[in-house]
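So you can see what is in the structure, the chains are spelled out below.
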Amino acid sequence: MDAQTVSYVNELLKIINGADETRLVIERFLTALRHELVFDNVAAYLQDNESGALEIVYARAVGRAKTAEADAAWGEEIASQVLANKQLLLQEPTSLSASDDRVHQPFLLGLPLHTEGVVNGALVFVRFGGPAYAPGHISLAALGASLLSLLFERRTWRKMNEEMGKLKQQIQLQEDFVSTISHELRTPLGFIKGYSTSLLRDDTSWDAETQKEFLTIIDEEADRLSLLIENVLESARLQSKTLPLRFQPLRLDAVLRDVSTRVRSRYKDLDVTLDLRSSTTIQADGVRIAQVFENLFNNAIKYAPGSPIIVGLKQVGHLMVVTFTDYGPGIPPESLPLIFERFYRLRTENATGTGLGLYICKQIIEAHRGKIWAESKPGQGTTFFIELPVNQTAIT
Ligand code: ADP
């Protein structure tokens with residue numbers, strides 16, 4: 001082998017080993033290959049692991065017939081044959097008539113692609129109107145197919161690795177969830193058991209006031225337990241996407257007015273200002289969106305007691321922006337990113353809660369392709385922001 005050939009093969013190898021995105025690497029590789037191997041179109045087909053069907057993973061038209069015949073359908077038949085025969089195939093027109101359109105005289109070269117020695121696809125080159133592939137070209141094309149096989153194999157490994165990583169993360173999350181949930185369930189249950197056992201003791205008699213106090217604790221903890229179970233189920237359903245969202249035309253200003261009226265009927269002294277500057281209709285699940293707004297109201301009431309609440313709505317380009325502002329104690333900067341996590345609670349002394357409220361809000365908003373976050377200045381107050389896309393046509 002002469003030095004020039006070695007350096008050319010080296011160049012091809014270097015491209016294949018490049019760290020860029022697969023498509024870009026293939027593109028560069030075929031451009032380099034085309035310096036020595038002339039072709040009009042090229043397509044790579046790989047067998048789908050599950051269905052066994054051949055799928056086009058790459059197709060490119062560089063020479064003649066760039067448009068009309070450029071889709072990769074022209075190579076499908078020979079690709080299937082390569083896969084069935086597990087070997088290189090050449091298909092050339094039997095007779096060439098000068099008058100015939102060259103596009104109708106394809107010279108096809110199909111080469112097997114393989115993973116771990118098993119043929120699982122084909123690389124197909126076409127030259128419209130020839131010339132026929134010389135033995136040197138065929139060897140070079142075969143080398144190209146082998147190198148591309150390596151690339152596809154590496155891509156499969158990388159994908160599997162990524163999936164493994166995600167799976168590991170999921171398992172870890174589940175484990176954390178199980179341990180947190182058992183702890184969270186045990187706490188109220190411990191109170192209920194402790195106080196009821198005390199009340200049932202034969203050797204002690206409790207005065208009516210103490211009995212009432214114990215029963216109140218039992219009652220409150222039972223409520224807490226039930227809220228916790230409800231929230232846990234809801235968050236699990238949201239996470240596994242089994243909670244269906246019903247998208248329908250919705251005016252956020254109307255929902256905010258409704259929720260605010262509902263909340264105000266429960267808290268008569270609540271100082272709420274609605275600053276609603278848009279009546280655009282969007283596609284959203286009204287029940288779920290109302291749930292989010294109610295949650296933010298309740299949090300402001302719980303964690304910023306006595307503070308006015310200002311609710312804003314405006315449209316900014318393609319987004320609806322909702323804000324909930326209070327002038328309460330605020331949230332320290334280090335806790336801001338954590339408040340949307342499952343079971344994260346900050347100020348638990350005076351407020352009942354499960355640490356799931358904001359997590360559920362986030363799930364709902366993200367299911368609408370929106371965003372939710374909070375900004376806060378400790379001692380001055382907190383603002384929760386929600387962005388929802390005006391145009392939800394992308395949602396399926
Ligand atoms: P929960 O209210 O059940 O504790 P959430 O997920 O709703 O859980 O909220 C998480 C934490 O975020 C709360 O424990 C609270 O400390 C903090 N938080 C939420 N809203 C506010 C607010 N408006 N002001 C200050 N802190 C807040």
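The rules behind each value
Residues numbered from 1 in each chain as written. Predicted model: local features only at pLDDT ≥ 70, side-chain atom pairs only at ≥ 80, totals over all residues. Heavy atoms only, no water. Core = buried A, V, L, I, M, F, W, Y, C linked by side-chain atoms within 4.5 Å. Buried < 20%, exposed > 50% of the residue type's maximum accessible area, 1.4 Å probe, protein only. Helix = DSSP H or I, 4+ residues; strand = E, 2+ residues; numbered from the N terminus. Domains from an automatic or database assignment. Contact = heavy atoms within 4.5 Å. Buried area = accessible area lost by both parts, 1.4 Å probe. Pairing = 2+ DSSP bridges. Axes fitted to C-alpha atoms, helices over the stretch in contact; angles between N-to-C directions. Expected span 1.5 Å × (residues − 1). Arc of directions from axis to C-beta. Near = heavy atom within 4 Å. Polar contact = N/O pair within 3.5 Å; in protein donor to acceptor, adjacent residues only side chain to side chain. Areas by Shrake-Rupley, 256 points an atom, 1.4 Å probe, with all protein chains shown as cover. Nonpolar A, V, L, I, M, F, W, Y, C, P; charged D, E, K, R; others polar. Parallel < 35°, antiparallel > 145°, perpendicular 65-115°, else oblique. Left-handed = near helix turned anticlockwise from the far one by under 90°.

1. Describing the nonpolar core
And then number 1: Counting residues in hydrophobic clusters, the biggest one holds 48 residues, and the most contacted among them are Leu-252, Phe-293, Phe-324, Phe-384 and Ile-386.
And then number 2: Among the elements that make up this core, the one with the highest residue count is helix α7 (residues 286–303) (eight residues).
And then number 3: Among the domains, domain 2 (164–239) and domain 3 (248–394) are the pair contributing at least three residues each to this core.
And then number 4: Discounting residues that sit within four places of it in the chain, Phe-384 has contacts with Leu-296, Val-322, Thr-323, Phe-324, Ile-331, Ile-339, Phe-340, Leu-358, Trp-373 and Ala-374.
And then number 5: Ile-15, Leu-30, Ala-141 and Leu-148 belong to the second largest nonpolar core, which has 32 residues in total.

2. Considering unusual backbone geometry
For residues besides glycine, phi is generally negative; the peptide bonds are generally trans as well.
And then number 1: In this chain, Gly-130 is followed by Pro-131 through a cis amide linkage whose omega measures 5°.
And then number 2: You can see Pro-131 is positioned in the loop between β5 (118–128) and α4 (135–200).
And then number 3: For Lys-86, which is not glycine, the phi torsion reads 55° and is therefore positive.
And then number 4: Here Lys-86 lies in the loop between α3 (76–85) and β3 (89–91).

3. What to know about the domain arrangement of the protein chain
And then number 1: Splitting the protein chain by domain gives domain 1 (3–159), domain 2 (164–239) and domain 3 (248–394).
And then number 2: Its C-alpha centre places domain 2 at a distance of 27 Å from the equivalent point of domain 3.
And then number 3: With 13 residues of domain 2 at the interface, the matching set in domain 3 holds 12 residues.
And then number 4: Taken together, the two surfaces of domain 2 and domain 3 that pack against each other cover about 1,200 Å², and 62% of this comes from carbon and sulfur.

4. As for the sheet that holds strand β2 (residues 54–61)
And then number 1: Strand order in the open sheet formed by five strands is β2-β1-β5-β4-β3, with antiparallel pairing between adjacent strands. Pairing within the sheet leaves two strands with one partner each, and these edge strands are β2 and β3. Ignoring which end each strand starts from, the neighbouring axes of this sheet average 15° apart.
And then number 2: By the bridge criterion, six bridges tie strand β1 (residues 41–47) to β5 in an arrangement that is antiparallel. Each bridged residue has a counterpart across the sheet, and for Leu-46 the counterpart in β5 is Gly-121.
And then number 3: The sheet strands contacting helix α2 (residues 22–34) are β1, β2 and β5, and the helix crosses β2 at an angle near 55°.

5. Let's talk about α2
And then number 1: Look at α2: 18 Å from first C-alpha to last across 13 residues, which is about the 18 Å you get at 1.5 Å a residue.
And then number 2: Three or more residues of α2 are buried, namely Thr-22, Val-25, Ile-26, Phe-29, Leu-30, Ala-32 and Leu-33. Buried residues of α2, viewed axially, fall in a sector of 160°; they line one side.
And then number 3: Contacts made by the buried residues of α2 are with α1 (3–16), β1, β2, β5 and α4.

6. Here we look at the site of the ligand
And then number 1: What surrounds the ligand is a group of 19 residues, the closest being Tyr-303, Arg-345, Leu-346, Thr-354 and Gly-355.
And then number 2: In the environment of the ligand, an oxygen atom lies 2.6 Å from a nitrogen or oxygen atom belonging to the side chain of Arg-345.
And then number 3: Contact between the ligand and Gly-357: an oxygen atom at 3.4 Å from a main-chain N or O atom of the residue.
And then number 4: For the ligand, whose accessible area on its own is 530 Å², the fraction buried by protein is 99%.
And then number 5: For the shell around the ligand, the secondary-structure elements that each account for two or more residues are α7, α8 (357–367) and β12 (381–389).
And then number 6: At three residues, α7 tops the list of elements feeding residues into the shell around the ligand.
And then number 7: Looking at side-chain class alone, the shell around the ligand contains eight nonpolar, seven polar and four charged residues.

7. Section: the packing of helix α6 (residues 252–266) against α7
And then number 1: Where α6 meets α7, the axes come as close as 10 Å, and the angle between the chain directions of the two elements is 45°. With respect to their mutual orientation, α6 and α7 come out oblique. Along this stretch, α6 crosses α7, giving a crossing that reads as right-handed. Note on element contacts: α7 touches α6 through Ile-289, Ala-290, Phe-293, Glu-294, Phe-297, Asn-298 and Ile-301, opposite Leu-252, Val-255, Leu-256, Val-259, Ser-260, Arg-262, Val-263 and Arg-266.
And then number 2: Grouping the amino acids of the contact of α6 with α7 by side-chain chemistry returns 10 nonpolar, two polar and three charged.

8. Remarks on the side chain of Glu-294
And then number 1: Inspection of the secondary structure assignment puts Glu-294 in helix α7.
And then number 2: Engagement of the side chain of Glu-294 in a polar contact is seen with the side chain of Arg-262, the distance being 2.7 Å.
And then number 3: Reaching out from Glu-294, the side chain makes a polar contact with the side chain of Arg-266 at a distance of 2.7 Å.
And then number 4: Ignoring anything within four residues of it in the chain, the contact list for Glu-294 reads Val-259, Arg-262, Val-263 and Arg-266.

9. Some words on the environment of Leu-274
And then number 1: Tracing the chain through its elements places Leu-274 in strand β7 (residues 272–276).
And then number 2: Separated by 14 residues in the primary sequence, Leu-274 and Ser-260 place their C-alpha atoms 8.5 Å from one another.
And then number 3: Among all residues touching Leu-274, those that are not within four sequence positions of it are Arg-257, Ser-260, Arg-264 and Val-311.

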